[in-house]
Structure formats: structure tokens, C-alpha cells
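Fold and geometry: a report
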Amino acid sequence: MWQQLVLIVLIGLATTIQQGTAERIRYDNYQVYQLQPQTAAQLETIKELDGSSDSLLFVDPVHYLGTKINVLVAPQRVTDFLATLQQSDISYELVDENAQKSLDLEELVADPNRRRGEYTWTEYHELNDTYAWLRSLPEKYPEQVSVFVAGRSYEGREILGVKISYASSVDGATKRGIFLEGGMHAREWISPATTTYIINQLLTSTNADVRKMAESFDWYVVPHANPDGFVYTHTTNRMWRKTRTPYNGCFGADPNRNWGFHWNEVGASSNACSDTYAGPRAFSEIETRTLSDYISTLRGKLVLYLSFHSYSQLLLFPYGHTSELPPNYKDLKRVFDVGVTAVSKRYGTRYTGGNVYDAIYPAAGASLDWAYGKLEVPYSYCFELRPSGSYLWSGFRLPAEQIIPTGEEIIDSMLAMIKGIGTL
Ligand SMILES: [Zn+2]
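Residues numbered from 1 in each chain as written. Predicted model: local features only at pLDDT ≥ 70, side-chain atom pairs only at ≥ 80, totals over all residues.

**What about the nonpolar core?**
Core analysis: the biggest nonpolar cluster contains 84 residues, and Leu316 and Tyr381 have the highest contact counts within it. Those residues in contact with tyrosine 381 that sit more than four places away from it in its chain are Leu306, Leu315, Leu316, Phe317 and Leu368. (Core = buried A, V, L, I, M, F, W, Y, C linked by C-beta atoms within 7 Å. Buried ≥ 20, exposed ≤ 12 C-beta atoms within 10 Å, placed from the backbone. Contact = placed C-beta atoms within 7 Å.)

**Some thoughts on the packing of helix α8 (residues 208-216) against helix α14 (residues 403-421)**
Relative orientation of the contacting elements α8 and α14 amounts to 60°, with a least axis distance of 11 Å. The crossing of α8 and α14 is left-handed. Where α8 approaches α14, its residues Asp209, Val210 and Met213 are matched on the opposing element by Ile411, Leu415 and Ile418. The class makeup of the residues in the contact of α8 with α14 is five nonpolar, no polar and one charged. (Axes fitted to C-alpha atoms, helices over the stretch in contact; angles between N-to-C directions. Helix = DSSP H or I, 4+ residues; strand = E, 2+ residues; numbered from the N terminus. Left-handed = near helix turned anticlockwise from the far one by under 90°. Nonpolar A, V, L, I, M, F, W, Y, C, P; charged D, E, K, R; others polar.)

**A closer look at the confidence of the model for the protein chain**
Per-residue confidence for the protein chain gives a mean pLDDT of 91; residues scoring 70 or more make up 93%. Across residues 1-20, confidence stays below pLDDT 50; counting only partners more than four residues off in sequence or on other chains, it has two contacts. (pLDDT = per-residue confidence, 0-100.)

**A word on helix α10 (residues 286-296)**
All of the buried residues in α10 are Glu287, Thr288, Leu291, Ser292 and Ile295. End-on view of α10: buried residues confined to an arc of 115°, all on one side of the axis. Across α10 from its buried face, at more than 90 degrees, point the exposed residues Asp293 and Ser296. Of the surrounding secondary structure, the elements contacted by the buried residues of α10 are β5 (145-152), β6 (158-164), β9 (177-181) and α13 (367-373). (Arc of directions from axis to C-beta.)

**Digging into the sheet that holds strand β2 (residues 56-58)**
Read from one edge to the other, the open sheet built from four strands follows the order β2-β3-β1-β4, with strand pairing classed as antiparallel. Since the sheet does not close on itself, it has two edges, and those belong to β2 and β4 (91-96), each with one partner. Adjacent strand axes in the sheet meet at a mean angle of 30°, parallel and antiparallel pairs treated alike. Both β2 and strand β3 (residues 69-73) contribute to a ladder of three bridges, which runs antiparallel. Bridging across to β3, phenylalanine 58 finds its partner in valine 71. (Pairing = 2+ DSSP bridges.)

**Overview of unusual backbone geometry**
That bond from serine 310 to tyrosine 311 is cis: its omega, 0°, falls within 30 degrees of zero. Considering the arrangement of structural elements, one finds tyrosine 311 in strand β13 (residues 302-312). With an omega of 0°, the peptide bond running from proline 318 to tyrosine 319 counts as cis. Mapping tyrosine 319 onto the fold places it in the loop between β14 (314-317) and α11 (329-343). Located in the positive-phi region is asparagine 264, a residue other than glycine, with phi close to 60°. Mapped onto the secondary structure, asparagine 264 falls in the loop between β12 (250-251) and α10. Of note in the backbone geometry, glutamine 313 takes a positive phi value of approximately 55° without being a glycine. For glutamine 313, the location among the structural elements is in the loop between β13 and β14. According to the C-beta neighbour criterion, glutamine 313 is buried, with 23 such atoms within 10 Å.

What follows is the structure in C-alpha cells.
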């Protein structure tokens with residue numbers, strides 16, 4: 001008996017040491033169902049379930065018909081959940097019998113203590129590791145790189161950015177700026193990995209086209225727009241999406257539904273427990289408020305704004321709140337076309353997309369619309385990175401060996417887009 005007790009204590013200790021202070025949320029035996037609502041009434045039924053309890057985790061937004069909505073369902077909830085679907089005649093498919101098994105597949109995360117060498121793109125990194133790397137850059141490139149604080153988080157973290165600038169002018173003309181924003185949604189790990197990859201290429205690439213691109217603009221790159229959420233995906237819940245502001249017993253607003261341009265008009269939730277909660281008001285989140293304040297200081301300078309998310313392999317442009325096309329639609333579409341062609345050249349990666357409202361779904365309050373509509377950045381896009389949308393529910397977990405290919409093809413695409421804009 002005492003041997004068993006000792007064993008239990010030892011296992012307990014090992015688990016605590018492994019997990020640090022926070023208890024990791026697990027999805028053992030959660031089943032994943034893919035729902036396809038066909039009528040407005042069916043959509044309403046599903047909306048009522050979204051954010052109603054911890055035993056249902058909606059992976060996809062529940063605001064529109066005609067697409068698939070993946071839901072993780074706790075084992076004790078399955079019978080009653082399926083009964084609700086059947087009552088409303090909602091078609092569904094079981095796509096994963098045990099969500100935790102899919103989450104347990106190895107995901108390479110660099111250990112900075114073990115690493116002790118160069119920061120690389122063959123593993124994912126934790127926030128502190130990336131911040132240490134960003135802070136080390138001005139030492140290495142004192143003429144070109146400066147670090148700036150682009151904002152703050154609810155838990156008091158900095159939203160760090162780097163500015164890369166090779167000279168203040170090109171042929172005597174003041175340089176235009178390009179803003180790259182990553183990590184808005186916490187669980188989309190490929191986004192910060194891609195933005196840091198781009199930073200490194202802008203500084204180290206020997207390719208003539210990349211060099212010209214790097215040196216022709218002032219670059220502002222923020223890999224972690226939602227640092228609290230990102231840390232939470234490492235310590236506690238790999239599937240976390242939102243910020244971490246407490247709201248009536250639930251946590252966080254969706255930072256990409258929180259920007260002050262046609263805020264909460266469509267495609268967002270007013271339920272604080274939903275994953276697409278727009279927040280109590282526009283810019284309620286300190287992250288979006290402070291970051292937008294910073295970006296506003298660049299008014300008139302920026303020619304291109306790129307927001308990086310995952311997944312589905314889409315390139316998107318304004319608007320999300322209406323199907324009405326933006327004023328310079330023709331130019332946005334032309335640059336979109338060259339971007340989508342170029343992204344497939346290296347590895348055949350197929351992207352689709354268009355204006356947010358028609359290409360995916362109505363969604364108001366995203367940063368790309370705010371940058372375009374409020375800040376008047378003429379070219380504003382969002383990349384939904386690898387994998388493709390046909391991937392099952394766990395596409396946020398892109399194998400680390402795909403970080404570099406993703407970065408390579410996105411740089412190909414950016415080069416083509418910037419040439420298309422006519423500023424290179
Ligand atoms: Zn996202």
C-alpha cells in the first residue's frame with residue numbers, strides 16, 4: 001500500500017514539475033464533430049450552444065451558413081449534444097474520436113536553456129525566447145534595427161516590435177512603410193513564426209530581389225499582437241484564441257473582432273464566453289487599443305499592411321463588414337492575383353480568397369479593415385497561412401518543418417505584391 005502511495009506522490013511531483021505552475025487543459029476523449037447548418041434556424045440553435053459551457057469548444061466561428069463548424073465535445077456531453085442536433089435536423093459528422101490524441105502529436109518547441117545557440121525556424125518558440133531574440137537584433141544590426149514597444153497586454157506584457165530601416169530615403173524620396181502584424185490569435189503559432197522568419201530574411205537574405213525589397217521600405221514588424229493569449233497556449237490551453245481579459249466568469253475578447261471600424265456589426269458574438277466575442281466596446285482590449293495607437297503614429301506613411309493568421313491558405317482584403325467592394329477594389333484584386341500566383345510557385349501551395357465578406361464570411365472589427373478604412377493604408381491584406389482548409393480541426397498545429405517553406409513562399413508572394421503595387 002505505501003509503495004503505491006509513494007508512487008502516486010512521485011507521479012504527482014513529476015506531473016507538477018513537467019507542467020510548471022499552471023494546470024494544462026486536456027481534451028481526453030473529447031469527440032470532434034463537424035456541423036453543417038443549412039437554415040437560419042439551425043444556425044441559431046448552434047449559436048445558442050456556442051459559449052454555453054466548457055464542455056463544448058467551438059473551433060470555428062458560428063455566424064454564417066454553408067461552411068463547416070468544428071466542435072470539440074466533452075465525453076459526458078456527447079449524448080445530449082447529438083440529441084440537440086438531431087432534434088433540429090442539423091447534419092453532422094464525427095471527424096475525430098479523441099481530440100487530445102491529435103493534440104498530443106509532437107510539436108517542436110525550442111527550449112531556450114537547451115538551445116544556447118542561434119534562434120532558428122526549425123522549432124516553435126515561446127514568447128520570452130522570441131522577445132530575447134528581437135531585443136538582441138539592434139546589437140547585431142545597430143544601423144538598421146531598432147526595437148519599439150507597440151503596446152501592452154492585460155497581464156502587463158509588452159507588445160514588442162522591430163523597425164528595420166536601411167536609410168531614411170530612396171533616391172531622395174522619403175521611404176514608405178510596411179506594417180507586418182502577427183500573433184493576433186493565440187493558437188495560430190505559424191503566424192509569429194512566419195513574421196520572425198521575414199524579419200530574419202529582411203536582415204540576412206542575399207537574394208537581390210529580397211535585398212531590394214528590404215532596403216526600399218521602412219518595416220514595422222510585430223510578431224505577437226496578443227502576448228497573453230500566446231503564453232496561455234504554451235502553459236495551459238493549446239487551443240486558446242482570444243485575449244485574457246476577464247469578462248463575467250469567462251476570459252478574453254477576440255482581438256480580431258475588436259478594432260474600431262464598423263465594430264460588432266456582423267460576424268462577431270456578444271457572448272463573453274464565445275471564441276468570437278467582440279468585447280464590450282470597440283478597442284475594449286488594451287492590446288488592440290495600444291497597438292492601434294502605435295500604428296496611428298504611422299498615418300500617411302504606410303503603403304501596405306499585412307496581418308498573418310492561420311489556417312486555410314487564403315489571401316484576404318477588405319471589407320469584412322459588408323459585401324460592398326472597397327474603393328480601390330481593382331488594385332487590391334490585381335495585387336491579390338499576383339500574390340496568389342507567386343505563393344504557389346515554389347511548392348505549389350494553393351491559396352484562394354478575395355474580399356473577406358464574400359471569400360470567407362462576414363466578420364467586422366478586424367485589423368485589416370481598420371488599417372484600410374480608418375488609417376487609409378491603400379493596400380491591406382490578411383494571410384491565412386498553411387495548412388489548407390481541407391485539413392481537419394487541428395490545423396493550428398502545423399508541423400515545425402513547415403515553418404521555413406511557409407516563410408519562403410510568403411516572401412515570394414510579398415515580393416510579387418509589392419512589385420504589383422508599383423513601389424518597387
Ligand atoms: Zn486568426
